[in-house]
Amino acid sequence: MCGIVGYIGTDKKVPVIIDALKRLEYRGYDSSGIALLMEDGSVVIEKKKGPISVLESELTDIWNSDKVLLGIAHTRWATHGEPNDTNAHPHTDCTGRVAVVHNGIIENFQHLKDMLIKEGHIFKSDTDTEVIAHLIEKYLKETGNPFEAFKKTIDTLEGAYALAVIIADEKDKIFFVRQQSPMVIGKSDKGTYIASDIPAILPYTRDIMPLEDGTYGYIDGKEVVLFDKEGNRIPFTPIKIDWDIESAEKKGYPHFMLKEIHEQPQTIQDALRGRIDIAKSEIVMPELDSLVDKLKTAKKVYITACGTAFHAGLILKYLLKTYTDLSVEADVGSEFRYMPWDLSRDKDDSIAVVISQSGETADTIAAMRLIKSYDIPVIGIVNVVGSTIYRESDVPLVINAGPEIAVASTKAYTNQLIVGYLLAMYIAKLRGFIDKQFEHQFVSDMLALPNLISTVLGVEETVKDIALNIKDSSNIFFIGRLLDHLINMEGSLKLKEISYIHSEAIQAGELKHGPLALISEGTPVIATVLQDRVKEKQISNIIEVRARKAKTIVLGYRDDIEAQSVADMFIGLPRIDSLFAPIAGIIPLQLLAYHVAVMRGNNVDKPRNLAKSVTVE
Ligand code: M6R
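Note on numbering: residues in each chain are counted from 1, in written sequence order. Per-residue local features of the predicted model are confined to residues with pLDDT of at least 70, and side-chain atom pairs are confined, for both listing and counting, to 80 or more; whole-chain, interface and lining totals are unaffected and use all residues. Side-chain calculation: all heavy atoms of the structure are included, whereas hydrogens and water are not.

What surrounds the ligand is a group of 13 residues, the closest being Ser356, Gln357, Ser358, Thr361 and Glu497. Interatomic distance of 2.5 Å between a side-chain N/O atom of Ser356 and an oxygen atom of the ligand. Note on areas: Shrake-Rupley with a 1.4 Å probe; residue coverage comes only from the protein chains shown. In isolation the ligand offers 410 Å² of accessible surface; the protein chains occlude 91% of this area. Secondary structure is summarised from DSSP: a helix means a run of H or I of at least four residues, a strand means a run of E of at least two, and numbering begins at the N terminus for each. The element best represented in the shell around the ligand is helix α9 (residues 307–323), accounting for 3 residues. For the shell around the ligand, the residue count by class is 4 nonpolar, 7 polar and 2 charged. Note on definitions. A residue lies near a molecule or strand when any single heavy atom of the residue is within 4 Å of it. The term polar contact refers here to a pair of N or O atoms within 3.5 Å; inside protein, the definition further demands a hydrogen-donor-capable atom paired with an acceptor-capable atom, and it admits residues adjacent in sequence only when both atoms are side-chain atoms. Residues are grouped as follows: Ala, Val, Leu, Ile, Met, Phe, Trp, Tyr, Cys and Pro are nonpolar; Asp, Glu, Lys and Arg are charged; every other residue, Gly included, is polar.

This next bit is on the state of the cysteines. Counting rule for disulfides: a pair of cysteine sulfur atoms within 2.5 Å. With the rule as written, the count across this model stands at 0 disulfides. Considering cysteine sulfurs only, Cys2 is the nearest to Cys306, which forms no disulfide, with 18 Å between them. Relative accessibility under 20% of the residue-type maximum defines a buried residue, over 50% an exposed one, and the middle range a partly exposed one, all with a 1.4 Å probe and only protein chains included. The partly exposed category is assigned to Cys306, whose relative accessible area is 23%.

Our focus in this paragraph is the nonpolar core. If you look at the biggest cluster of nonpolar residues, it comprises 101 residues, and the most contacted ones within it are Leu288, Tyr421, Phe442 and Met446. It is helix α13 (residues 411–430) that provides the largest number of residues to this core, a total of 13 residues. Note: domain ranges come from an automatic or database domain assignment. Two domains each donate at least three residues to this core, and these are domain 2 (256–447) and domain 3 (457–599). The contact rule is simple, with two residues in contact once any of their heavy atoms fall within 4.5 Å. With residues up to four places along the chain from it excluded, the contact list for Met446 reads Leu272, Ile276, Ile418, Tyr421, Leu422 and Phe580. The criterion is simple. A nonpolar core is a set of buried Ala, Val, Leu, Ile, Met, Phe, Trp, Tyr and Cys residues joined through side-chain atoms within 4.5 Å.

By definition, two strands form a pair when at least two bridges between them are found by DSSP. With antiparallel pairing, the 8 strands of this open sheet are ordered in space as β3-β2-β4-β1-β10-β9-β11-β15. The open sheet has two edge strands, β3 (43–49) and β15 (239–240), and neither has a second partner. One ladder, built from 3 bridges, connects strand β9 (residues 184–188) with strand β11 (residues 207–210); its direction is antiparallel. Pairing of Ile185 across the sheet is with Met209, part of β11.

Let's shift gears to the domain arrangement of the chain. By domain assignment, the chain separates into domain 1 (3–242), domain 2 (256–447) and domain 3 (457–599). Taken over C-alpha atoms, the centre of domain 2 sits 27 Å from the centre of domain 3. At the interface, 28 residues of domain 2 touch 21 residues of domain 3. Surface buried jointly by domain 2 and domain 3 totals about 2,200 Å² across both partners, of which 76% is contributed by carbon and sulfur atoms. Accessible surface is computed with a 1.4 Å probe, and the buried area is the amount of it that two parts give up when combined, taken over both parts together. Contact with domain 3 buries surface across domain 2, with His311, Tyr318 and Tyr421 losing the most and accounting together for 24% of the total.

Written as structure tokens, this is what we have:
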């Protein structure tokens, strides 16, 4: 997804801006560009399709120049117009004195473009963004005041946008606005910074303010001037970011994804922190204090999320249905809004859980806002503190996974599960469905998870052998039942998104109803056998695919001789209660996806066509 950077201050501008831009690479992009305001009042623009290194090679002459006063830059993920040099940001007006970088979509751009063309403006690109530069030009002519022109422009725009803007008439200001697209502002003794995301500017400042929707203003190298959506001046109120910059780097692993998989024993511990009273062996969730009455009396839970986070939501649904009397609905964010039911019918008896790593997924945010419009309280299971879902949910439950850089989500998923398990059991306890003995056992099993996951990571060599065996397949199927099927869904998503191999997770009992026709000699079938209550049925499904000469890769318990006996290849986990199987079982599936993708020579951390944070619908 697009990334924005802006800097004005005493450091050399170009190195700071390009370094910050590179820290946004994980969001996914197809082109990048920079606009620099020079001492003589000219605006220098460079933009290139491809990696930032291509842009960088165009900047050697200006790299250390003292004549650069300020700059803005952008990584683009195409939405309007194909990825090429012309459509890359920044975009300029007819005079070349206004430069704009934009994240989001301008919904009324066609209408504005037609109007501006009629007025004589000449457009160069196919983007929606270019209208912004021409609008500023128009209003600048009308008002003669750059800030007023900027303000009038944002009042004219409809849609989602975060903008950073240079207007050459103002040599010491970068204008910005945030409207439904993330943006943060930072300040240090060396200047002021704009970025789409915190990691971009962390090496330069830890005093960072995530902006609310509608906030606009400018930075001038010393001050941050801010206005709220009503136009009232508001103070710059940064939060101290205590993330370790090291943790945003690879720490010796070849890819962020592998590093993040191996971090899970630690991140799981971080998710548990403060949510278990070890002395009393009890779940404690003080964050939920304001919702206790509602959690006791509600009749219905709505769960919404996208992708991997939705898979975590499905497991939460399973747990709530198993351990409480709540009726539970789980739908992907992109559909939730369009479901024809009437939320007002049971709004007084409902709560909602919204799950998102980034907290910025457009579809999830839209679903959350719809839910909130009915006054249904929203619990946000979220990783990024300060993100939209973090701020707008009634109770954010932060999963504490730390920055997740790889596009394929791994440690955020397990932490979403951890918080989901705690939430489900906490609600079950409030509603009187679990007793003390069950709670103590649950707590002790949860506390044992970090060590268990360290042990499970030991299967990596076995998984590598399996990856080598299946890496050239065209189709890979996963079969499982109940919770095993739900983790297979996530394992299959992981595999397809980074290996580009077609893969499906099938409920094992459904094989005979159609998918069995796809199984032929040598087809890899990954069969998860971690749910004791359906084990016998699952074994007979494995026998069924073996009879069609499928290659069976069984994920089961080390001590399960029967599961091993139907496996061509076997991944053995330590014996645990089936309830916790998703948390342990997903680890080998993440590793399998990773090693298959590496063996196929794919760009593991940034798979084709995908972005880390999907901030458009
Ligand atoms: O940031 P979010 O958790 O809201 O993102 C949701 C999905 O876009 C995300 O989980 C996506 O499916 C991942 N690439 C999966 O690895």
